Amino acid sequence: MSFFKKLFGNKEVIREVKERTVLSIEVGDIVEYDLEDYQVVSKLIYNAHGYEWIAYQLQHPDKTIWLSAEMDDELNVGIYKKVPALKLQEPLPKEINYAGKTYYFDESGVARVKGEGRGKNVNNMECKYFGYCDDEEEEFLSVEVWGTEVEVSHGYEIEEFEIKIIAGQ
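Residues numbered from 1 in each chain as written. Predicted model: local features only at pLDDT ≥ 70, side-chain atom pairs only at ≥ 80, totals over all residues. Heavy atoms only, no water.

A. Inspection of the overall build of the protein chain at higher detail. Within the protein chain, the secondary structure is distributed over 1 helix and 11 strands. Taken from N to C terminus, the helices and strands of the protein chain fall in the order α-β-β-β-β-β-β-β-β-β-β-β. With 169 residues in all, the protein chain has 37% of them scored as buried. (Helix = DSSP H or I, 4+ residues; strand = E, 2+ residues; numbered from the N terminus. Buried < 20%, exposed > 50% of the residue type's maximum accessible area, 1.4 Å probe, protein only.)

B. Structural detail: the side chain of Ser-42. In this structure, Ser-42 sits in strand 2 (residues 36-48). With relative accessibility at 1%, the residue Ser-42 sits in the buried group. Looking at Ser-42, its side chain comes within polar contact range of the main-chain nitrogen of Gly-119, at 3.1 Å. With sequence-adjacent residues up to four places away left out, Ser-42 is seen in contact with Val-27, Ala-55, Tyr-56, Gln-57, Trp-66, Glu-116, Arg-118 and Gly-119. (Polar contact = N/O pair within 3.5 Å; in protein donor to acceptor, adjacent residues only side chain to side chain. Contact = heavy atoms within 4.5 Å.)

C. Structural detail: the packing of aromatic side chains. Enumeration over the complete set of coordinates arrives at 4 aromatic pairs. Ring geometry for Tyr-51 versus Trp-53: centroids 5.9 Å apart, planes at 40°, classification tilted. What makes Tyr-51 partly exposed here is its relative accessible area of 30%. Of the residues examined, Trp-53 reaches a relative accessible area of 15% and is grouped as buried. With centroids separated by 5.0 Å and ring planes inclined at 75°, the aromatic side chains of Trp-53 and Tyr-129 adopt a geometry described as edge-to-face. Note that Trp-53 is positioned in strand 3 (residues 51-59) and Tyr-129 in strand 8 (residues 125-133), a separation of 76 residues in sequence. Residue Trp-53 shares its accessibility class with Tyr-129, and that shared class is buried. Three or more aromatic residues joined by ring pairs form one cluster here, namely Tyr-46, Tyr-51, Trp-53 and Tyr-129. Positioned above the aromatic ring of Phe-105 is the side chain of Lys-94, whose terminal nitrogen or guanidinium carbon lies 4.7 Å from the ring centre. (Phe/Tyr/Trp six-rings, centres within 6.5 Å; stacked < 30°, edge-to-face > 60°. Lys NZ or Arg CZ within 6 Å of the ring centre and 35° of its normal.)

In structure tokens, the structure reads:
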């Protein structure tokens, strides 16, 4: 036995490997999507009358995307990018034209949001949300109203197997 082991004891630290799914990603994790690695810098959990869905802000050196996950009748996973050029205000229209496509109003409501990481500034706030989809229901616009600020994101569904999650801690 070495001198240091006698002096300090054998204090081997064993880290447990944490299994992650799209519903249990944490701030600090790494998500690989489309051959690029992103760090999870924000986690927003939306709750509308007991129904929850999650949005993760994924940061890459060149861009930011959002990964959404919700368990409805089945798991729905999507990738969204903010569309700052699309300026909307309330009352929102029933149809929105963006990038040569028409998106039709699908749903709306109010959700209380729990924020972590960079999203902690919206913790315990309420936002109004509006969902729009194209004719084929393959692409979506997500509109969120935070007070007087209106944020628009464009997205599409992906399969869970398209991402790889590496636990950060």
